[in-house]
Amino acid sequence: MTAAPAVKPLDPTKVRAEIPILHQEIRGNPLVYLDNAATTQKPAAVIDAVADFYRRDNANIHRGVHTLSQRATDAYEGARGRVRGFLGAAEDAEIVFVRGATEGINLVANSLGRSIGAGDEILISWMEHHSNIVPWQLLCERTGAVLKVAPIDDTGALILEEFEKLLSERTKVVAMVHQSNSLGTVNPVREITERAHAVGAKVLIDGAQATSHRAVDVREIGCDFYVTSAHKMFGPSGIGVLYGRRALLEEMPPWQGGGDMILTVTFEKTEYNELPHKFEAGTPHLSGPIGLAAAIDWIEALGLDAIAAHEDDLLRYGTEALSEIPGVTIVGTAPGKSSVLSFTMDGVHPHDIGTIVDQEGVAIRTGHHCTQPVMDRFGIPATARASFAAYNTREDVDALVRAVRKVAEVFA
Amino acid sequence: MSELRDLYQEVILDHGKNPRNFRVAEDANRLANGHNPLCGDKVRIYARTAEDGTIEDVAFQGAGCAISQASTSMMTQILKGKGEAEARELIARFVRLITDRAEPTDDELEALGKLAVFAGVREYPNRAKCATLGWHTVSAALDRADDPVSTE
Ligand SMILES: Cc1ncc(COP(=O)(O)O)c(C=O)c1O
């Protein structure tokens, strides 16, 4: 047997040291941050990149002839190139900066949506975040198209056969989450894309939860659109990415009008700017992409394979330890799941769990996690959810387990 | 742990686990539904009031965290037998306890009696809606509001 190329393992203590916010106390206990699926904390390098931009290079982009404007433009467009490489896209023009995954999905639903009509179908899954449900519902309301939902099984995995049965020539768009934020399920996005393409549907993958945990290559997946949010991958909030295949983006009409998205404007006719600027109306979040590029540098220095291996270890370790606590049920047990540990406790509402573990300095999320259909599917109002990132340690998991045991004590 | 005990006191845990007046009141003449969309907590309040407004019976159904269940449970016990004006005054006093920026005075706490245990919730502003859901809903029931109450 030839050994797989060795992955340089993470030193989580060293990684942790690079995240300033983690070094504080909450209610007298050291902060243990396990709400990474909601948003991640920022490495000093990202914070500095944003601060340095405002200290040194800030100017509006694509417009001025002065030096600062050139520097700001170079930094902003350089970040686009960085994102292109990170996602494996063919060209910078296929990377559109948006506010986040949500805005990316809305852009596609609105712009590609112009080609959708009555009787057409949009196919999503039962585990979608509300942001990959509601934009399509709005589109269906506007056009008379029909929303179809592929079911999940008791482990929280997509039932592929059912998904396939729902595909037909009527299916115009398949919109599917890459990694579920409430269950941790990782979808077979390449297979999904292949089958959707076989009936001529366009495919959008919601990668909000994926890009900080696993290497993503949009051309290997083969999808038409891919969205993600920088704040979920150690970058700033308010900035995200829509990847779209050039041929599609070319055909799609702009969805917002304004400065920067035009070439010439007269009152008779406006000529739109080339890609990707056609979709970036107005002054954008200038420092956002710069922070995102720094976050990508940070992720790549650690290595996504090393991050994945480290998080898988935490997930195994945490699942085992939590399962030993009487009354705890893990929600979401799909094979190959990643970085998310959702659970319930007999006789204890998740909000009470959340408050009690916060008292111990442990930050987790409780609620429906913007996936109400998932909660309904499992017949529960909410879960408590711990979610891991590269900087979490086994000690963090130990603190969580201690805190959950305390919950059990209080409610004994 | 001691601070935690401030919030999750025995009374609260007890009422959370075994809520009192947790039933459908068939002969209720006032009804309201409450919903906290943020956490999915739901409560339905049934009340029967006499001609003069005296609350003869109050009961509830619903699902939620220990804080919301306990506060609604204790509320039903305390409101029973109260006149409408007195009930409304107590409702306002309880909501003030949970949400007012100013520390409650000793007089206020005394007027709240057993309900003063919920002062611990003040430390957790993101739990205020849990503690007040039942109270806002009973208030709507007394108004005979037909629409579900939302704490949003
Ligand atoms: C799976 C998934 N999709 C989409 C989103 C929306 O991301 P944002 O709020 O950054 O637009 C989230 C965020 O929670 C998510 O977890």
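Residues numbered from 1 in each chain as written. Chains lettered and ligands numbered in written order. Predicted model: local features only at pLDDT ≥ 70, side-chain atom pairs only at ≥ 80, totals over all residues. Heavy atoms only, no water.

Caption draft 1: Just the pairing of strand β1 (residues 30-36) of chain B, in detail. Residues of β1 of chain B alternate between two faces, with R30, A32, G34 and N36 of chain B buried on one and L31, N33 and H35 of chain B left unburied on the opposite face. Here β1 of chain B hands over to strand β2 (residues 41-49) of chain B after four residues, with G40 of chain B in that stretch at a positive phi of 85°. (Buried < 20%, exposed > 50% of the residue type's maximum accessible area, 1.4 Å probe, protein only. Helix = DSSP H or I, 4+ residues; strand = E, 2+ residues; numbered from the N terminus. Pairing = 2+ DSSP bridges.)

Caption draft 2: Quick look at the site of the ligand. All names here are of chain A. Near the ligand, the surroundings consist of 13 residues, among which T102, D206, S229, H231 and K232 are the closest. In the environment of the ligand, an oxygen atom lies 3.1 Å from a nitrogen or oxygen atom belonging to the side chain of H129. Here S229 contributes a side-chain N or O atom positioned 2.7 Å from an oxygen atom of the ligand. Tallied by class, residues from the shell around the ligand come to three nonpolar, eight polar and two charged. (Near = heavy atom within 4 Å. Polar contact = N/O pair within 3.5 Å; in protein donor to acceptor, adjacent residues only side chain to side chain. Nonpolar A, V, L, I, M, F, W, Y, C, P; charged D, E, K, R; others polar.)

Caption draft 3: Main features of the sheet that holds strand β9 (residues 225-229) of chain A. Residues and elements named next belong to chain A. The mixed open sheet is built from seven strands, whose spatial order is β4-β10-β9-β8-β7-β5-β6. Of all the strands in the sheet, the pair left with one neighbour each is β4 (95-98) and β6 (146-150). The average undirected angle you get between the axes of adjacent strands in this sheet is 20°. (Axes fitted to C-alpha atoms, helices over the stretch in contact; angles between N-to-C directions.)

Caption draft 4: Up close: the side chain of E94 of chain A. Residues and elements named next belong to chain A. In this fold, E94 is placed in the loop between α3 (67-87) and β4. Put simply, E94 is tucked away with no salt bridge, and the nearest opposite charge, on R246, sits 5.8 Å away. Here the side chain of E94 touches A90 through a polar contact of 3.2 Å, landing on its backbone nitrogen. (Lys, Arg positive; Asp, Glu negative; His and termini not counted. Salt bridge = Lys/Arg side-chain N within 4 Å of Asp/Glu carboxyl O.)

Caption draft 5: Representation of the interface of chain B and chain A within the structure. Residue-level contacts link 19 residues of chain B with 14 residues of chain A. Each partner contributes to the roughly 1500 Å² buried at the junction of chain B and chain A, and carbon and sulfur atoms together form 56% of this total. Linking chain B with chain A are two salt bridges. Secondary structure elements with two or more residues in the side of chain B that touches chain A: α1 (2-7), α2 (10-17) and α3 (66-79) of chain B. In terms of residue count, the dominant contributor to the side of chain B that touches chain A is α1 of chain B (four residues). Classifying every residue of the side of chain B that touches chain A by side-chain character gives twelve nonpolar, one polar and six charged. (Contact = heavy atoms within 4.5 Å. Buried area = accessible area lost by both parts, 1.4 Å probe.)

Caption draft 6: Representation of the pattern of salt bridges. All names here are of chain A. As enumerated under the stated definition, the model contains 33 salt bridges over all chains in all. A salt bridge links D358 to R27, with the shortest nitrogen-to-oxygen separation between them at 3.1 Å. Separated by 331 residues along the polypeptide, D358 in helix α12 (residues 350-359) and R27 in the loop between β1 (25-26) and β2 (29-30) bring together distant segments of the chain. Among the residues examined, D358 registers a relative accessible area of 24% and is labelled partly exposed.

Caption draft 7: Summary view of the environment of R44 of chain B. Residue and element names in this part refer to chain B. Secondary-structure assignment places R44 in strand β2. With a relative accessible area of 33%, R44 lands in the partly exposed category. Taking the C-alpha atoms as reference, R44 lies 31 Å from D107; in sequence the two are 63 residues apart. Once residues within four sequence positions are removed from consideration, R44 is found in contact with L31, A32, N33, A59, F60 and Q61. A polar atom in the side chain of R44 sits 2.7 Å from the side chain of N33.

Caption draft 8: Region of the structure containing the domain arrangement of chain A. All names here are of chain A. By the assigned domains, chain A splits into domain 1 (12-38 + 303-410) and domain 2 (47-300). The gap between the C-alpha centroids of domain 1 and domain 2 is 28 Å. With 38 residues of domain 1 at the interface, the matching set in domain 2 holds 34 residues. For the pair domain 1 and domain 2, the two sides together bury roughly 2700 Å², of which 55% comes from carbon and sulfur. It is L304, C370 and R377 that lose the most area in domain 1 upon contact with domain 2, and together they represent 21% of the buried surface on that side. Seen at the junction of domain 1 and domain 2, the total is two salt bridges. (Domains from an automatic or database assignment.)

Caption draft 9: Summary view of the side chain of D35 of chain A. Residue and element names in this part refer to chain A. Residue placement: D35 occurs in the loop between β3 (32-33) and α2 (44-57). Of the residues examined, D35 reaches a relative accessible area of 12% and is grouped as buried. Non-local contacts of D35, meaning those with residues more than four positions away in its chain, are made with A363, I364, R365, R385 and S387.

Caption draft 10: Molecular detail of unusual backbone geometry. Residue and element names in this part refer to chain A. Cis peptide bonds are those with omega within 30 degrees of zero, and the linkage from L275 to P276 qualifies with -5°. Tracing the sequence through the fold places P276 in the loop between β12 (270-272) and α10 (287-302). In the Ramachandran plot, F234 falls in the positive-phi region, its phi being about 75° despite a non-glycine side chain. Within the secondary structure, F234 sits in the loop between β9 and β10 (240-244). A positive phi angle is found at D260, which is not glycine, with a value near 75°.

Caption draft 11: Just the packing of aromatic side chains, in detail. One pass over the structure, following the stated rule, counts eight aromatic pairs over all chains. Centre to centre, the rings of F53 of chain A and Y54 of chain A are 5.3 Å apart; their planes meet at 70°, and the pair counts as edge-to-face. Exposure remark for F53 of chain A: the relative accessible area of 2% places this residue in the buried category. Relative accessible area serves as the criterion here: at 45%, Y54 of chain A is assigned to the partly exposed category. With a centroid separation of 5.6 Å and 65° between ring planes, the pair formed by F411 of chain A and Y8 of chain B is classed as edge-to-face. Of this pair, F411 of chain A sits in the segment after α14 (394-410) while Y8 of chain B sits in the loop between α1 and α2, on two different chains. (Phe/Tyr/Trp six-rings, centres within 6.5 Å; stacked < 30°, edge-to-face > 60°.)

Caption draft 12: Summary view of α3 of chain A. Residues and elements named next belong to chain A. Across its 21 residues, α3 extends 30 Å between first and last C-alpha, which sits within 8% of the 30 Å expected from 1.5 Å per residue. Buried residues of α3: S69, A72, T73, Y76, A79, R80, G81, V83, F86 and L87, and no others. Among the structural elements, α2, β4, α8 (218-221), β10, α10 and α11 (304-323) are those in contact with the buried residues of α3. (Expected span 1.5 Å × (residues − 1).)

Caption draft 13: Structural view of helix α4 (residues 101-111) of chain A. Here α4 of chain A lies mainly inside the structure; nine of its eleven residues are buried. Within the span of α4 of chain A, buried status applies to A101, E103, G104, I105, N106, L107, V108, A109 and S111 of chain A.

Caption draft 14: Expanded view of the confidence of the model for chain B. Residue and element names in this part refer to chain B. Looking at chain B as a whole, its pLDDT mean stands at 90, while 91% of the residues score no less than 70. Strand β4 (residues 149-150) is the least confidently modelled element of chain B, averaging 53 in pLDDT, while α3 averages 97, the highest of any element. This prediction of the complex comes with two scores: 0.93 for pTM and 0.86 for ipTM. (pLDDT = per-residue confidence, 0-100.)

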